[in-house]
Amino acid sequence: MGVRLLARTLRGMEEVCAQEITARGLGTVERLRHREVWFTSDEPDARLLDLRTADDVFLVAAVIRGVGHTKADLARFTQPSRTAPWRRLLRLRGRCGGPATANRIDVVASYVGKRNYNRYDIEDTVGEQAAAALGLPHHSRRDGAVPDDGQPFPIRVTVEGTEAALAVRLTERPLHRRAYKQESVPGTLHPPLAAAMALLAGLSPGDRVLDPSCGTGTLLIESRLTVGGLRTLGTDHNPAALAAAVANATAAQPPGDTAMAQPPGDTAMAWAVGDTAMAWAVADAGRLPVADGRADRVLSNPPWGLQVAPGGTLATRPAAYYEELRRVLKPGTGRAVLLLHDPETHLSLARAAGLRVQDSRPVSLFGSHPAVVTLSG
Ligand SMILES: C[S@@+](CC[C@H](N)C(=O)[O-])C[C@H]1O[C@@H](n2cnc3c(N)ncnc32)[C@H](O)[C@@H]1O
């Protein structure tokens with residue numbers, strides 16, 4: 001029988017995450033739940049850690065049914081938390097590239113919908129039972145921060161409707177925390193969402209991919225780590241953001257990819273006319289240094305968000321952003337995948353510039369509800 005796993009992702013990106021699991025041959029997708037993709041694998045291994053659209057991957061320890069919303073329902077967690085095959089999962093975790101040892105229990109719980117108990121009630125119930133089963137200490141989060149020393153055994157509990165899942169995270173460090181992301185700016189993109197946008201863009205080796213408000217470069221870096229042989233150009237009007245993008249790209253550079261970290265400079269036109277593999281340039285997204293019809297794909301989260309104000313020409317004329325997208329996208333096959341806060345306002349500007357909406361997917365992002373929108377020229 002296959003090993004049951006679940007990948008947690010952003011609300012709205014479950015389907016994209018399922019597609020990545022299938023495309024990478026990591027297992028057979030069984031079902032989707034709120035923020036979760038459940039799948040089985042006969043031979044799970046460290047390739048699971050390559051998943052880019054998932055925030056984290058877990059080994060399923062137990063499924064508990066009939067969990068209602070009253071405090072009495074907490075009792076339903078007791079027996080499964082005591083009898084779950086924790087030791088076998090700890091060994092399996094080692095086989096999947098995670099630590100195979102632990103010296104304390106760490107439980108995080110979340111649920112969908114209203115309940116008469118809270119996350120700490122669930123965490124303490126599960127934590128005490130798992131601690132007894134494994135002979136390890138458990139510290140309640142109810143009283144504040146838990147010690148972050150030693151090697152935790154990270155148990156995740158999720159409850160949706162009347163079904164709860166107990167699962168063990170594969171890695172010590174969350175998968176969404178990318179080692180390359182050493183430099184950050186306000187509004188920087190959550191890497192698994194950047195990876196999901198790259199997948200939605202349908203990138204092919206050799207494509208010219210532009211991010212005209214690239215910030216720290218997350219979208220282009222995730223694109224390059226997903227598909228080889230791209231020719232990417234990141235521009236931003238803020239030189240400090242570009243410097244951060246170059247630093248991150250240097251840290252992300254896979255072996256053999258010498259193009260990841262060009263210093264910002266006069267390379268945009270080279271990208272526009274030639275075969276430069278990766279370029280960064282200071283530029284205003286309302287006046288791009290790119291020839292007409294040059295970009296196969298545009299990937300971006302423009303500065304209409306909650307944390308970054310548009311500067312340059314966009315401060316007074318946001319429509320210029322969409323007019324430039326329309327101009328630089330390759331006619332017919334060109335596509336732009338954008339993360340838009342306030343999609344209604346911006347889609348009317350995009351339509352006015354002659355762009356067509358191919359797809360729009362709402363996503364929940366730390367309390368905000370933007371949309372990932374695909375436009376064609
Ligand atoms: C939401 S952030 C992008 C974050 C980026 N995706 C990342 O992961 O770090 C928007 C970016 O737009 C840039 N920006 C603002 N006005 C601009 C303009 N007129 N031209 C180009 N970039 C601009 C800001 O400097 C900021 O880096």
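Conventions used here
- Residues numbered from 1 in each chain as written.
- Predicted model: local features only at pLDDT ≥ 70, side-chain atom pairs only at ≥ 80, totals over all residues.
- Domains from an automatic or database assignment.
- Contact = placed C-beta atoms within 7 Å.
- Nonpolar A, V, L, I, M, F, W, Y, C, P; charged D, E, K, R; others polar.
- Pairing = 2+ DSSP bridges.
- Helix = DSSP H or I, 4+ residues; strand = E, 2+ residues; numbered from the N terminus.
- Axes fitted to C-alpha atoms, helices over the stretch in contact; angles between N-to-C directions.
- Core = buried A, V, L, I, M, F, W, Y, C linked by C-beta atoms within 7 Å.
- Buried ≥ 20, exposed ≤ 12 C-beta atoms within 10 Å, placed from the backbone.
- Parallel < 35°, antiparallel > 145°, perpendicular 65-115°, else oblique.
- Left-handed = near helix turned anticlockwise from the far one by under 90°.
- Near = placed C-beta within 6 Å.

A. Molecular detail of the domain arrangement of the chain. Assigned domains of the chain: these are domain 1 (3-169) and domain 2 (191-376). Taking only C-alpha atoms, the centre of domain 1 and the centre of domain 2 are 35 Å apart. The interface of domain 1 with domain 2 comprises twelve residues on the first partner and 14 residues on the second. Class assignment of the residues belonging to the side of domain 1 that touches domain 2 gives a composition of four nonpolar, four polar and four charged.

B. Local environment of the sheet that holds strand S3 (residues 36-41). Spatial ordering of the open sheet is given by S2-S3-S1-S4-S7-S6-S5, a layout of seven strands whose pairing is mixed. Because the sheet does not close on itself, it has two edges, and the strands there are strand S2 (28-33) and strand S5 (104-111). Adjacent strand axes in the sheet meet at a mean angle of 30°, parallel and antiparallel pairs treated alike. In terms of strand pairing, strand S4 (residues 56-65) meets strand S7 (residues 163-169) through seven bridges, oriented antiparallel. Pairing of Leu59 across the sheet is with Val168, part of S7. Most of the contacts of helix H3 (residues 86-95) go to S4, to which it runs at about 165°, and overall it touches strand S1 (3-8), S4, strand S6 (152-160) and S7.

C. Local environment of the nonpolar core. Core analysis: the largest hydrophobic core is formed by 103 residues, its most contacted members being Ala7, Val57, Ile155, Val157, Leu193, Met197 and Ala198. With eight residues, the single largest contributor to this core is helix H5 (residues 191-200). If you count residues domain by domain, this core takes at least three from each of domain 1 (3-169) and domain 2 (191-376). Each residue touching Val157, except ones within four places of it in the same chain, is listed here: Val107, Ala109, Ile122, Val126, Ala164 and Leu166.

D. Representation of the sheet that holds strand S11 (residues 297-300). The strand order across the open sheet formed by seven strands is S10-S9-S8-S11-S12-S14-S13, and the pairing between neighbours is mixed. At either margin of the open sheet sits one strand with a lone partner, and together these are strand S10 (278-282) and strand S13 (356-362). When strand polarity is set aside, the average angle formed by the axes of neighbouring strands in this sheet is 20°. On the sheet, helix H7 (residues 239-252) packs against strand S9 (231-236) and S10 and is oriented at approximately 160° with respect to S10.

E. Structural view of the packing of H5 against helix H6 (residues 218-226). Interhelical geometry of H5 versus H6 gives an angle of 60° and a closest axis separation of 8 Å. The angle between H5 and H6 places the two elements in the oblique class. Of the two elements, H5 crosses H6, and the hand of that crossing is right-handed. Facing H5, whose interface residues are Pro191, Ala194, Ala195, Met197, Ala198 and Leu199, H6 presents Thr218, Leu219, Glu222, Ser223 and Thr226. For the contact of H5 with H6, the residue count by class is seven nonpolar, three polar and one charged.

F. Structural context of the pairing of S4. Relative to S4, S1 runs antiparallel, the two being bridged by four bridges. Its bridge partner lying in S4, Leu6 is registered against Phe58.

G. Representation of the site of the ligand. Residues in close proximity to the ligand total 26 residues, the closest being Gly187, Ser213, Gly215, Thr218 and Gly312. Taken together, the residues of the shell around the ligand break down into ten nonpolar, 14 polar and two charged.

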